[in-house]
Amino acid sequence: MFHIWRTSTVRTKRAVIGYGHIRRILPIPTSQQHRTHLSLPVRYCSADVRTFDAMLSARRAEARRSILVQVSSERSYNELYHYCSQFGTIESSHHYRVDGDSDGDCHYILLEFSSSAQADAAMQSGVFSTERPGVRARSIFLWFRTGPKPKLIAQEEPKRPLALIDGANPIGESELNSLLASAESIDDQVTVLHRVTKLNDLGKRLRFLAVRQLESSLQGMFPQAVAHPFGSSVNGYGRMGCDLDVILDLDARSGEPPDRNSRLVYHTKSTNPNERTQVQRQLESIGDVLQLFLPGVNSVRRILKARVPIVKYHHEHLDLEIDLTMNNTAGVYMSELLYLFGQLDARVRPLTFCVRRWAQSVGLTNQTPGYWITNFSLTMLVMYFLQQLSRPVLPSINRLIQLSATFSPQNSPPPVTRFGEGESEWAYAFLKNPSIYGSFRSENESTLEQLLVEFFEFYSQFDFNQRAISLNLGSTILKPDHSPMYIVNPLETVLNVSKNVNLEELELFRMQVRNAVWLLEANGKESGTPPTTEPWGLVSLFGPKQQQRITPQMFFTKRMLNVKDIFDEVPADEPVPYRNSAIKNQIAAIQRSAKAEIHKLSTGGPSRAGAGAEARTTASMEGTGVKLKRNTKRR
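Scope of this entry: the structure provided in the associated data block.

Parameters at a glance
- Residues numbered from 1 in each chain as written.
- Predicted model: local features only at pLDDT ≥ 70, side-chain atom pairs only at ≥ 80, totals over all residues.
- Heavy atoms only, no water.
- Helix = DSSP H or I, 4+ residues; strand = E, 2+ residues; numbered from the N terminus.
- Buried < 20%, exposed > 50% of the residue type's maximum accessible area, 1.4 Å probe, protein only.
- Contact = heavy atoms within 4.5 Å.
- Areas by Shrake-Rupley, 256 points an atom, 1.4 Å probe, with all protein chains shown as cover.
- Pairing = 2+ DSSP bridges.
- Axes fitted to C-alpha atoms, helices over the stretch in contact; angles between N-to-C directions.
- Salt bridge = Lys/Arg side-chain N within 4 Å of Asp/Glu carboxyl O.

Remarks on the overall build of the protein
- Helix and strand counts for the protein come out as 18 helices and 13 strands.
- Going through the 635 residues of the protein one by one, you find that 43% of them count as buried.
- Nonlocal contacts in the protein, meaning residues at least 24 apart in sequence, comprise 69% of its contacts between residues at least 6 apart.
- Roughly 36,100 Å² of accessible area belongs to the protein as shown, and the carbon and sulfur atoms make up 52% of that amount.

Considering unusual backbone geometry
- A positive phi angle is found at Asp166, which is not glycine, with a value near 55 degrees.
- As for its position among the elements, Asp166 is in the loop between β6 (141–143) and α5 (173–181).
- On the accessibility criterion, Asp166 (4% relative accessible area) is buried.
- Notably, Asp319 is not glycine yet its phi reads approximately 50 degrees, a positive angle.
- Note on placement: Asp319 falls in the loop between β10 (310–315) and β11 (320–326).
- Overall, Asp319 belongs to the partly exposed group, its relative accessible area being 45%.

A look at the sheet that holds strand β4 (residues 90–98)
- Here four strands make up an open sheet; going across it, the order is β4-β5-β3-β6 and the pairing mixed. Lying at the two open borders of the sheet, with one neighbouring strand each, are β4 and β6. Looking at each pair of strands side by side, their axes are set apart by 25 degrees on average, direction ignored.
- As paired elements, β4 and strand β5 (residues 106–113) share eight bridges and run antiparallel to each other. Across the sheet, Tyr96 pairs through a bridge with Tyr108, a residue of β5.
- Running over the sheet, helix α3 (residues 77–84) touches β3 (66–71), β4 and β5 and is turned about 35 degrees from β5.

Looking at the sheet that holds strand β7 (residues 226–230)
- Taking strand neighbours across the sheet as the criterion, the five strands line up as β7-β8-β11-β10-β9 in an open arrangement whose pairing is mixed. Each of the sheet's edge strands pairs with one partner strand only, and the pair in question is β7 and β9 (297–303). Averaged over all neighbouring strand pairs, the angle between strand axes comes to 25 degrees, with direction disregarded.
- Taken together, the five bridges between β9 and β10 define a ladder with antiparallel strand orientation. By the bridge assignment, Arg301 is partnered in β10 with Lys312.
- Its contacts with the sheet place helix α8 (residues 275–293) against β8 (244–249), β9, β10 and β11, and it is angled at close to 145 degrees to β11.

Quick word on the pattern of salt bridges
- Summed over the entire model, instances satisfying the criterion amount to 20 salt bridges.
- The shortest N-O distance in the salt bridge between Arg357 and Glu173 comes to 2.8 Å. Of the two residues, Arg357 sits in helix α10 (residues 348–361) while Glu173 sits in helix α5, which places them 184 residues apart along the sequence.
- Overlapping salt bridges bring together Arg59, Glu62, Arg65, Glu112, Asp201 and Arg205 as one network.

Encoded structure:
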């Protein structure tokens, strides 16, 4: 398990929760110091300001220098370290565990060398097992078998100890609630929630190992093949255990102009004129390669008839669900845009984590696709809320484009890439500008607690019936159609991000944000109050009482009487309970009038035989209360 340490603090210190280490936080400034600090232009700038491309390049380099070794347990690390040190210097090592079957759990250690050549040397030294027959494919996934008994001499400790033990296990619900309850304020609770539930360093490393395996398996036939990770794994909003979304580009250099001086031209295979059909065929073949040849890949599912064809598979060594698609460039740009928002202000990601956790606890979101609000739609709602404040925390996208043009370096040639064609060309123009990360500084001084309460209050009064949300403008527009919730897609403005949300889920969202405002006001905690056993702050917002799903039907009066109940057979010893005596009297009156009408029908028939039959039917009905026969004569 993770070892989570909490600093013992006094009132002037902030407790910081982290995995495997303790970070020192400066004392909270006084009011005068706080005002002076707020006047600085970098008041809420994130400490890590590297660009999206720089982050991706660093993670790819880490994966290129790493191998993954399955071991019997974390106690095998010393022996593994001494064995692998012959190939090069081990810079870092991380341990995690995957739940297994009856044979026990599977333990893995991720080793990062100082260079890719050393990692390649370690991988090339591997051999194939004669005891485990299978497809003989070389990869970065290996296992450490038992060697000769070590000599009875004291081995020195590894120079690089394990950075993490069980580093892939998410924090438990009860442990999280205890950490939140021990915080000093709701502002600290939001910070703690973000730090202990976000995707940690090991989780990111494992996801880029999956990207590397996918690329290396196809680069033999497609040397320029590149797998682009996108979504929550790279945009900074991923939590522990999130899926990995990947876009596969078989020729990343296809957008570059060809060399006119070369007289040799490659022969190529003719493609299907229907691009969608071509993508479906390619994904189907790639799914076969994944299932048949790549170690660790299983449960391959091909969902080719969807709006965006994908191949889903599970990686058993990484304990990871992966979604693979092609030609969906908008996902890469959207990930970079959200990453940019998170880098512009340090409060964006903690607030988003808190809102998404709240939505999960009250049943607003679901892992399976459907008519409910998605995490992506919730993230868009948070971004828009931060844009429309009197002192915005985030600028509109149009404002970012203007700032990008102002801060663009002069005489810089536009980069050549396949991404940036069509409607997304404007996105590439400012997202790839490194100076955009330092172009905006918010003057908003609100704490995370204040922003969270304002978020719930804002959407409890928002006019979803008439207005649509536009992050490009940073304001609302009239709804183009009758969708219950309309959020304009920032990249393709003719699309609605929340088109799947139905009216019932929107009403549920409205009720839950109003309920959240009441809970935060009723279960707050004043500074300096002694600890209490009652849930407060986020604990009351995420607590067990919120697990029961509230539906709009609970607030509408149901029909008290069903017509078929008039003629249903009701045993005499089991009378129907009625909450209202007036309703009981009305039902009795309806039954008497119905019987009277039936008696009139039976006595006024055209023939004597028919009248007798109907009389028998009526008599049997009056005596036993059974349902009216279908062959009863009608007038």
